[in-house]
Amino acid sequence: MLYLMISNFASLFDSWKNVFYDPESEIHYYEWGIGSESGYDDIMNFTRVESECGENSELRRLEFREGHAYYISVKVTTLC
């Protein structure tokens, strides 16, 4: 299940726990980004994380606007 929480229009927490599984290889890392369209990272560039959760940095304030659609994309890299 993909879980998303926006605490205000500047910070975001996202979790994709138990969404990805590869029976042939261990997951090495994830990359997640936010875009104005599916697969884009024009709002927040893809950021590498080792866990099944992502949170934007307090140092990088995001500019979300009410009424606009935003898309979170997650890429998975396995050890193979």
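Shown above is the structure to which this text applies.
Residues numbered from 1 in each chain as written. Predicted model: local features only at pLDDT ≥ 70, side-chain atom pairs only at ≥ 80, totals over all residues. Heavy atoms only, no water.

A. Seen up close, the pattern of salt bridges. All told, the structure shown has one salt bridge when counted by the stated rule. Between Glu 50 and Arg 48 there is a salt bridge, with its nearest N and O atoms 3.3 Å apart. Owing to a relative accessible area of 55%, Glu 50 belongs among the exposed residues under this scheme. (Salt bridge = Lys/Arg side-chain N within 4 Å of Asp/Glu carboxyl O. Buried < 20%, exposed > 50% of the residue type's maximum accessible area, 1.4 Å probe, protein only.)

B. Representation of the environment of Trp 16 within the structure. Here Trp 16 is to be found in the loop between β2 (12-15) and β3 (27-35). Put simply, Trp 16 and Val 74 are 58 residues apart on the chain and 8.4 Å apart in space, counted from C-alpha to C-alpha. (Helix = DSSP H or I, 4+ residues; strand = E, 2+ residues; numbered from the N terminus.)

C. A look at the sheet that holds strand β6 (residues 71-78). Read from one edge of the open sheet, three strands run β4-β3-β6, paired in antiparallel fashion. Pairing within the sheet leaves two strands with one partner each, and these edge strands are β4 (44-49) and β6. When strand polarity is set aside, the average angle formed by the axes of neighbouring strands in this sheet is 20 degrees. Note that β3 and β6 share eight bridges and pair antiparallel. Considered in β6, the bridge of Ile 27 is made with Thr 78. (Pairing = 2+ DSSP bridges. Axes fitted to C-alpha atoms, helices over the stretch in contact; angles between N-to-C directions.)

D. Molecular detail of the nonpolar core. In terms of nonpolar packing, the biggest core is built from nine residues, these being Leu 12, Trp 16, Tyr 30, Trp 32, Ile 34, Met 44, Val 49, Leu 62 and Phe 64. Going through the elements one at a time, β3 and β4 are the ones with two or more residues in this core. Sort the elements by how many residues they give to this core and β3 lands first, with three residues. (Core = buried A, V, L, I, M, F, W, Y, C linked by side-chain atoms within 4.5 Å.)

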